[in-house]
Protein chains: 2
Amino acid sequence: MSKIRIGIAGYGNLGRGVELAIAQNADMELAGVFTRRDPSTVKTATNAKVYSMDDAVSMTDDIDVMIICGGSATDLPKQTPELAKNFNVIDSFDTHARIPEHFTNVDKAAKESGHLAFISLGWDPGLFSLNRLYAESILPNGKTYTFWGKGVSQGHSDAIRRVEGVKRGIQYTVPIESAMEAVRSGSQPELTTRQKHLRECWVVPEEGADLAKIEESIKTMKNYFDEYDTTVNFISEEEFDAVHNKMPHGGFVMRSGMTGDGEKTHQMIEYSLKLESNPEFTASVLICYARALARLKSEGATGCKTAFDIAPAYLSPLSGEELRSKML
Amino acid sequence: MSKIRIGIAGYGNLGRGVELAIAQNADMELAGVFTRRDPSTVKTATNAKVYSMDDAVSMTDDIDVMIICGGSATDLPKQTPELAKNFNVIDSFDTHARIPEHFTNVDKAAKESGHLAFISLGWDPGLFSLNRLYAESILPNGKTYTFWGKGVSQGHSDAIRRVEGVKRGIQYTVPIESAMEAVRSGSQPELTTRQKHLRECWVVPEEGADLAKIEESIKTMKNYFDEYDTTVNFISEEEFDAVHNKMPHGGFVMRSGMTGDGEKTHQMIEYSLKLESNPEFTASVLICYARALARLKSEGATGCKTAFDIAPAYLSPLSGEELRSKML
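All values reported here derive from a predicted model rather than from experimental measurement.

Take the interface of chain A and chain B next. Contacts between chain A and chain B engage 65 residues on the former and 65 residues on the latter. Roughly 5600 Å² of surface becomes buried between chain A and chain B when both sides are summed, with 62% attributable to carbon and sulfur atoms. At the junction of chain A and chain B, the tally comes to two salt bridges. A salt bridge links Asp-261 of chain B to Arg-16 of chain A; the nearest nitrogen and oxygen atoms lie 3.2 Å apart. Scanning the region where chain A abuts chain B turns up 31 residue pairs in polar contact (both at pLDDT 80 or more). At the level of secondary structure, the elements contributing two or more residues to the side of chain A that touches chain B comprise α1 (13–22), α3 (99–113), α4 (127–138), β12 (249–259), β13 (265–275), α10 (278–298) and α11 (320–326) of chain A. A per-element tally of the side of chain A that touches chain B places β13 of chain A first, with 11 residues. In the side of chain A that touches chain B, the residues fall into 32 nonpolar, 19 polar and 14 charged. The sheet contact formed by β13 of chain A and strand β13 (residues 265–275) of chain B spans nine bridges and is antiparallel. Across the sheet, Glu-270 of chain A pairs through a bridge with Ser-272 of chain B, a residue of β13 of chain B.

Any two aromatic rings considered together are summarised by their centre-to-centre distance and by the angle between their planes. A full pass over the atoms with the stated rule returns nine aromatic pairs over all chains. For the ring pair Phe-118 of chain B and Tyr-289 of chain B, a centre distance of 6.3 Å and an interplane angle of 85 degrees mean the geometry is edge-to-face. A residue pair is termed long-range when its members are at least 10 positions apart, and Phe-118 of chain B in strand β6 (residues 116–118) and Tyr-289 of chain B in helix α10 (residues 278–298) qualify at 171 residues. The exposure classification of Phe-118 of chain B matches that of Tyr-289 of chain B, with both residues buried. Grouping aromatic residues by their ring pairs yields a cluster made of Trp-123, Phe-128 and Tyr-271 of chain A together with Trp-123, Phe-128 and Tyr-271 of chain B. Between the NZ or CZ atom of Lys-150 of chain B and the centre of the ring of Tyr-172 of chain B, over which it lies, the distance is 5.1 Å.

The next thing to look at is the side chain of Ser-277 of chain A. Inspection of the secondary structure puts Ser-277 of chain A in the loop between β13 and α10. In this structure the side chain of Ser-277 of chain A is engaged in a polar contact, spanning 3.1 Å, whose partner is the backbone nitrogen of Glu-280 of chain A. If near-sequence neighbours (up to four positions away) are discounted, Ser-277 of chain A is found in contact with Met-247 and Pro-248 of chain A together with Thr-265 and Gln-267 of chain B.

Our focus in this paragraph is the sheet that holds β13 of chain A. A sheet is described by the order of its strands in space; here six strands give the open sequence β7(A)-β12(A)-β13(A)-β13(B)-β12(B)-β7(B), paired in antiparallel fashion. Only two strands of the sheet have a single partner each, and these edge strands are β7 (142–148) of chain A together with β7 (142–148) of chain B. Neighbour-to-neighbour, the strand axes of this sheet turn through a mean angle of 10 degrees, independent of strand direction. Packing against the sheet, α10 of chain A makes contact with β12 and β13 of chain A together with β12 (249–259) and β13 of chain B, and its axis sits at approximately 70 degrees to β13 of chain B. Contacting β7, β12 and β13 of chain B, helix α6 (residues 177–184) of chain B crosses the sheet at an angle of about 25 degrees to β12 of chain B.

Once that is clear, we can look at the pattern of salt bridges. In the structure shown here, the tally under the stated rule is 45 salt bridges over all chains. Two residues, Arg-5 of chain A and Asp-64 of chain A, come together in a salt bridge whose shortest N-O distance is 3.0 Å. Taken together, the positions of Arg-5 of chain A in strand β1 (residues 4–9) and Asp-64 of chain A in the loop between β3 (50–52) and β4 (65–68) put the pair 59 residues apart, joining distant regions of the chain. One salt bridge in this structure joins Asp-124 of chain B and Arg-132 of chain B, with 2.8 Å as the shortest N-O distance. Of the residues examined, Arg-132 of chain B reaches a relative accessible area of 10% and is grouped as buried. Ionic contacts of the salt-bridge type, sharing partners, join the residues Lys-167, Arg-168, Glu-237 and Asp-241 of chain A into one network.

Structurally, the position occupied by Arg-161 of chain A is in helix α5 (residues 154–161). Relative accessible area serves as the criterion here: at 38%, Arg-161 of chain A is assigned to the partly exposed category.

Here we take up the side chain of Ser-137 of chain B. Along the chain, the position of Ser-137 of chain B falls in helix α4 (residues 127–138). Since its relative accessible area comes to 3%, Ser-137 of chain B is described here as buried. Leave out the neighbours within four places in its chain, and Ser-137 of chain B touches Cys-288, Arg-291, Leu-315 and Ser-316 of chain A.

This part covers the environment of Thr-104 of chain B. All names here are of chain B. Relative to the elements of secondary structure, Thr-104 occurs in helix α3 (residues 99–113). Along the sequence, Thr-104 and Cys-304 sit 200 residues apart, while their C-alpha atoms lie 8.0 Å from each other. Of the polar contacts made by the side chain of Thr-104, one reaches the backbone oxygen of Pro-100; its length is 3.0 Å.

Between chain A and chain B, which share one sequence, the superposing operator has a rotation angle of 180 degrees and an axial displacement of 0.0 Å; the RMSD is 0.0 Å. The transformation relating the two chain copies, once decomposed into turn and shift, fits a two-fold axis. If distances are taken from each C-alpha of chain A to the rotation axis, the shortest is found for Ala-311 of chain A, at 1.9 Å. Same-surface contact between copies: 98% of interface residues of chain A are shared with the interface of chain B.

Attention shifts here to the confidence of the model for chain A. Summing up the model confidence of chain A, the mean pLDDT is 97 and the portion of residues at 70 or higher is 100%. Both scores are available for the predicted complex, with the pTM at 0.97 and the ipTM at 0.97.

What counts, and where the lines are drawn
Residues numbered from 1 in each chain as written. Chains lettered and ligands numbered in written order. Predicted model: local features only at pLDDT ≥ 70, side-chain atom pairs only at ≥ 80, totals over all residues. Heavy atoms only, no water. Contact = heavy atoms within 4.5 Å. Buried area = accessible area lost by both parts, 1.4 Å probe. Salt bridge = Lys/Arg side-chain N within 4 Å of Asp/Glu carboxyl O. Polar contact = N/O pair within 3.5 Å; in protein donor to acceptor, adjacent residues only side chain to side chain. Helix = DSSP H or I, 4+ residues; strand = E, 2+ residues; numbered from the N terminus. Nonpolar A, V, L, I, M, F, W, Y, C, P; charged D, E, K, R; others polar. Pairing = 2+ DSSP bridges. Phe/Tyr/Trp six-rings, centres within 6.5 Å; stacked < 30°, edge-to-face > 60°. Buried < 20%, exposed > 50% of the residue type's maximum accessible area, 1.4 Å probe, protein only. Lys NZ or Arg CZ within 6 Å of the ring centre and 35° of its normal. Axes fitted to C-alpha atoms, helices over the stretch in contact; angles between N-to-C directions. Least-squares fit on C-alpha atoms with pLDDT ≥ 70 in both. pLDDT = per-residue confidence, 0-100.

Shown next, in the form of structure tokens:
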């Protein structure tokens, strides 16, 4: 059987993760990396061939699935519908509030051109969404909780770095253990934003900077930190580089539900991820959905789909018989 | 929209759980309970109408989905293919080694009669299987661990009760915390049967029974206890009735995998259930798959399917638009 030929559109941490994940899947191969930068300036992890994004359209016959690794703020809303005109595409669009609009745009482009598109894959949206859906369908009388972390939030880290006097900065979102324990107890607590997560900041200050002022500026920053208990820690650049050079993340989806006579029986479903590398894990999710896409496309599917629409068996390299005998 | 009409074939703890779960789902209604006993002797939780199993075949037009609540050892291998001749059916067949054979038999009966059948639903097989499949597809380089408990094993409880001198008995399977911690650490340990689970027994002895002999008989029982560390606790009948009158269960599916350059990045996926009632939870799973069955059937599907073959969106009462805006 011929391999699934993957294109990577955009080469940052996620694109690099996809490149490395392809090597873990014997039924896939990398057809090329596409960049808006000068291709000669992009050095890939496996010496993959790098092309200009403008040349992609001339390679439609060489690529079964294009995985779009741009950002959700400005890249994906344009790139995914645009690339869906010429390719089957997958993205990790994660601006939850704008998913319906993104779905409509991508669905239209993909249907008109006869392509298949999967959007909003990764772990949230993605695996966490799947777990919310399964758990809420099984336990209709209950309450769902999502906790994130411990992990690096890029948005909050960027916000710290914009504060005057900050040379380097990183922010970890930390789920509050006592809140998770309250959920596990079955009490179905109402939790405020402050009760669910802490924000932990590590900052390398510029020489001579006013540390108290930096701390105050961070802790009171609207939308980012003011609704949370926030800690600000000042460290040296050496320590920063040694300790805070990774992109860990993770989180928890919990469903606390009641069943039975008088709905008095407590049932608890919990799903969690503990990831040493957020982009590498997200890439691994995208790659196994590329397998599902290739199969669904060969069955004639077109338009836009999400994780909700894809039967689990499509993700695995194993056959139906193998899955039933080994994994069921 | 008309409601999905559910039949319950077999009325034990699971059948009762299905009856109660129907009441939690506004799009379903109970069409009838079917029993091999004298219907007049069966008292249901919600005063549902009870029929003889022999009368089921005359009610094919009144039932959209028949949920078969028999045992896996002898009931389901016969009942599911037999009922699939006249109904769309769902079962919770859980003898893992015999699933392929059961699938073949049910698939044949369902295809010949134009019905749709879902088998081996519940939490293991079922939700745990789904989690093994998703996790192994995402992290191909890794190791999967399944732990069960803390919970009541019917098979082991039955085995205790067959020991001479035992009046009442119950057995809890207990996952060993240190083994789970070793898995979470990313060390991918090789764990023996003894290292993964303890077996905890609670026994009410007959008057004058030889306690030392009971304990020895249990601990050395082949296939059931000899490969485990087992504790045997003797208690009064009053304590037994007060404390050990429930059917809790649960467990953990863990996937420890490596990604990235040189596969050095550890990624951990964990799914767990903590159930106060095993049969009520299993029933809740069956009922939401009844919704999926009714929808897939209306699209023309026939034959046998498992949880692997069913796209998650089919389980939810929400529309695709609602799911994307609320849950993705």
